[in-house]
Amino acid sequence: MKVTIDDISIDVPPGTTILEAARMIGENVPPTMCYYSKLEGSGGKCRSCLVKVTKGSEKDPRPMPKLVASCRTNVMDGMEVKNTTSPEVLQARKSVTEFLLINHPIDCPVCDQAGECDLQDLSYEHGLSKSRYDFKKRIFDLIDIGENIQMHMTRCIMCYRCVMVADQLTPERVHGVLNRGEASEISTYIQKAIDNEFSGNMIDVCPVGALTDKTFRFKSRVWFTKPVYAHRDCKTCSGKVTLWYQGAEVLRVTGRKNKWHEVEEFICNDCRFHKKNTEDWVIESAATISRHSVISQNLNVYEKPVIHKKLQEKPKSE
Amino acid sequence: MQSLTNRSKIVSNKTMTWSERIYLPAILAGLKITLVHFFKKKVTLQYPEQTKDHGPYFRGRHVLKRDDQGRENCTACGLCALSCPAEAITMIAAERKPGEEHLFREEKYAIEYEINMLRCIFCGFCEEACPKDAIYLTEMIPTADYTRKKFVYTKDMLLEGIEPKDRIDISKRRKGIREGAM
């Protein structure tokens, strides 16, 4: 099936969404806050990936009457889509960003997600410099959902990704969305309930700082740490992770994220929270970080990583 | 050969006249200048006793501000350290405990905050980067000292006091930054 996005054509298999087709092209990809390709049924909630379909298909060339969510709309043969070339889409995205930020506290200086936050990127690109919202923002009290994960419900944008991770990755889900409308919140109802071996992946899929790593809480800022790919023999998961170093110390372990900020393979809590020594890991290489990311400011490519010497010895001894 | 830039000066070797050769008129002209300056207003300041007012854009040593209720503004976000071209700023963050709400404005605060005044180039990027209105450059000057260690200013040296008399006024500078003048 041939689809044209922003005047670039590509052949895609039937059943591909517009967003996936745009990702195959690799340029001018609509931003995603709730869609996660690894999670079934995700997407369609945040509306930040809205695009304009100027030609429905070869058989029915009428344009679609409204902007469509590209993550939930499948391509048709001969479809023509406008993303950043349409001022209407950009205006809509700006409004969506404004809506997403209405109840967001914008406490980026405090938040541990700052620097790798999707909402931060979105508002940097599409947001207003000043809020037009006069009313009181929705505020939740901190609740303790478990020993490893810190939850800040105030920062949540209700993307449901964490609920889907728990549904699709673990046998029993113990958290979900309570209440409805503006009062809806992610919660466990019973405190300290989350203890599943794969629950830590909620941190990785969260697009904002609503779910963060308690072992990394306030330790450093993301842009002061250096990401390194590493692996270990893990019985429960693939063991392929990113280690975030500050000096010779591993401050944080996360899954490996690809170009679209999605984890390639989910990792277990043991790898994520309890293996924080270089000795536990076999280091592969420096992580690839977009040079537009603030994290890349700390990656001195001319400097040989100090950790390498130790690591080269490690595989021999095994 | 002719010079390409045509900027070189051609030196003339003309011989001096008789009046020039006796040098007396030139000496007298010089003495006159000295005499005129003798009665002019003096520009020298007797420094420690007398001081000069700084210009509005003067950038001296830093101060960590508190808000109106005496809570620390700094939340240890690290943006000053990130923007610092001289790598002079370091900090360690900590979480605010329940009951410390009157001390720190946000959930997170800097438990340690250091500025190395030997590294600092007083560019003012840190105050520009600060999202919490916490750090400002003042008119104070880091004093001379004998050891390098003493130029590493810790948080208790940088933080202003809670009492109104201990506050450091930066309103002029804040206004200038907001208007984009500095």
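What you see is a predicted model, and the numbers here were worked out from it, not measured in a lab.

Draft legend 1. Geometry of the overall build of chain B. A count of helices and strands for chain B gives 6 helices and 5 strands. A globule of 182 residues ought to have a C-alpha radius of gyration of about 16 Å, yet chain B, at 27 Å, is considerably larger. By its C-alpha atoms, chain B is 95 × 50 × 40 Å across when sized along the principal axes. Going through the 182 residues of chain B one by one, you find that 30% of them count as buried. A fraction of 73% describes how many contacts in chain B between residues 6 or more apart in sequence connect residues 24 or more apart. Taken as a whole, chain B presents about 13,500 Å² of accessible surface, with 57% of it coming from carbon and sulfur. Of the charged side chains in chain B, 31 are positive and 25 negative, and the gap between their average positions amounts to 12 Å.

Draft legend 2. Fine view of the state of the cysteines. All names here are of chain A. Under the definition given, this model contains 0 disulfides over all chains. Cysteine Cys162 remains unbridged, with the sulfur of Cys159 as its closest cysteine sulfur at 6.2 Å. Among the cysteines around Cys271, which has no disulfide bond, Cys234 carries the closest sulfur, lying 3.6 Å off. Overall, Cys271 belongs to the buried group, its relative accessible area being 0%.

Draft legend 3. Structural detail: the domain arrangement of chain A. Residue and element names in this part refer to chain A. The domain architecture assigned to chain A consists of domain 1 (2–95), domain 2 (108–120 + 134–215) and domain 3 (221–317). Between the C-alpha centres of domain 1 and domain 3 there is a distance of 34 Å. Domain 1 puts 8 residues into the contact, and the matching count from domain 3 is 8 residues. Buried surface at the junction of domain 1 and domain 3, both sides included, amounts to about 650 Å², of which 53% is carbon and sulfur. Per-residue buried area on domain 1 facing domain 3 is highest for Arg23, Tyr36 and Lys38; these three make up 75% of the total on that side. Applying the counting criterion to the domain 1 and domain 3 interface returns 2 salt bridges. Applying the counting criterion to the domain 1 and domain 3 interface returns 3 residue pairs in polar contact (both at pLDDT 80 or more). Residues that form the side of domain 1 that touches domain 3 fall into these classes: 4 nonpolar, 2 polar and 2 charged.

Draft legend 4. Broad picture of the confidence of the model for chain A. Looking at chain A as a whole, its pLDDT mean stands at 89, while 94% of the residues score no less than 70. Of all helices and strands in chain A, the one with the weakest mean pLDDT is helix H7 (residues 307–317) of chain A (52), whereas strand E4 (residues 68–69) of chain A scores best (95).

Draft legend 5. Fine view of unusual backbone geometry. Residue and element names in this part refer to chain A. Despite not being glycine, Asp7 shows a phi value in the positive range, around 70°. On the secondary structure map, Asp7 appears in the loop between strand E1 (2–5) and strand E2 (8–11). Of note, Met158 is a non-glycine position whose phi angle comes to about 55°, a positive value. Looking at where Met158 falls in the secondary structure, it is placed in the loop between strand E6 (149–151) and helix H4 (161–169).

Draft legend 6. Spatial organisation of the interface of chain A and chain B. Listed per partner, the contact involves 12 residues of chain A and 15 residues of chain B. Note on chain A versus chain B: buried area summed over both sides is about 1,000 Å², and carbon and sulfur give 65% of it. Its largest share of buried area at the contact with chain B, chain A owes to Pro109(A), Val110(A) and Phe218(A), together 52% of the area lost on that side. Linking chain A with chain B are 2 salt bridges.

Draft legend 7. Expanded view of the nonpolar core. All names here are of chain A. Of all hydrophobic cores here, the largest spans 45 residues; its most connected members are Leu119, Ile149, Ile186, Met202 and Leu211. Of all elements in the fold, only helix H2 (87–102), helix H3 (118–126), E6, H4 and helix H5 (201–205) reach the threshold of two or more residues within this core. A per-element tally of this core places H2 first, with 5 residues. Not counting residues within four places of it along the chain, the set of residues in contact with Ile149 comprises Ile194, Ser199, Gly200, Met202, Ile203, Leu211, Thr212, Lys214 and Phe273.

Draft legend 8. The arrangement of a nonpolar patch on the surface in detail. Residues and elements named next belong to chain B. Taken together, the side chains of Met16, Trp18, Ile22, Tyr23, Leu24, Ile27, Leu28 and Leu31 present a nonpolar region at the surface, about 860 Å² in accessible area. If one sorts the elements of the nonpolar patch by residue count, helix H2 (residues 24–38) sits on top with 4 residues. Position of Met16 relative to the elements: it lies in the segment before helix H1 (18–21).

What counts, and at which threshold
- Residues numbered from 1 in each chain as written.
- Chains lettered and ligands numbered in written order.
- Predicted model: local features only at pLDDT ≥ 70, side-chain atom pairs only at ≥ 80, totals over all residues.
- Heavy atoms only, no water.
- Helix = DSSP H or I, 4+ residues; strand = E, 2+ residues; numbered from the N terminus.
- Rg over C-alpha atoms; globule rule 2.2 N^0.38 Å.
- Buried < 20%, exposed > 50% of the residue type's maximum accessible area, 1.4 Å probe, protein only.
- Contact = heavy atoms within 4.5 Å.
- Areas by Shrake-Rupley, 256 points an atom, 1.4 Å probe, with all protein chains shown as cover.
- Lys, Arg positive; Asp, Glu negative; His and termini not counted.
- Charge placed at Lys NZ, Arg CZ, Asp CG, Glu CD.
- Disulfide = S-S within 2.5 Å.
- Domains from an automatic or database assignment.
- Buried area = accessible area lost by both parts, 1.4 Å probe.
- Salt bridge = Lys/Arg side-chain N within 4 Å of Asp/Glu carboxyl O.
- Polar contact = N/O pair within 3.5 Å; in protein donor to acceptor, adjacent residues only side chain to side chain.
- Nonpolar A, V, L, I, M, F, W, Y, C, P; charged D, E, K, R; others polar.
- pLDDT = per-residue confidence, 0-100.
- Core = buried A, V, L, I, M, F, W, Y, C linked by side-chain atoms within 4.5 Å.
- Patch = residues over 30% accessible without salt bridge, like charges linked within 9 Å, V, L, I, M, F, W, Y side chains within 5 Å.

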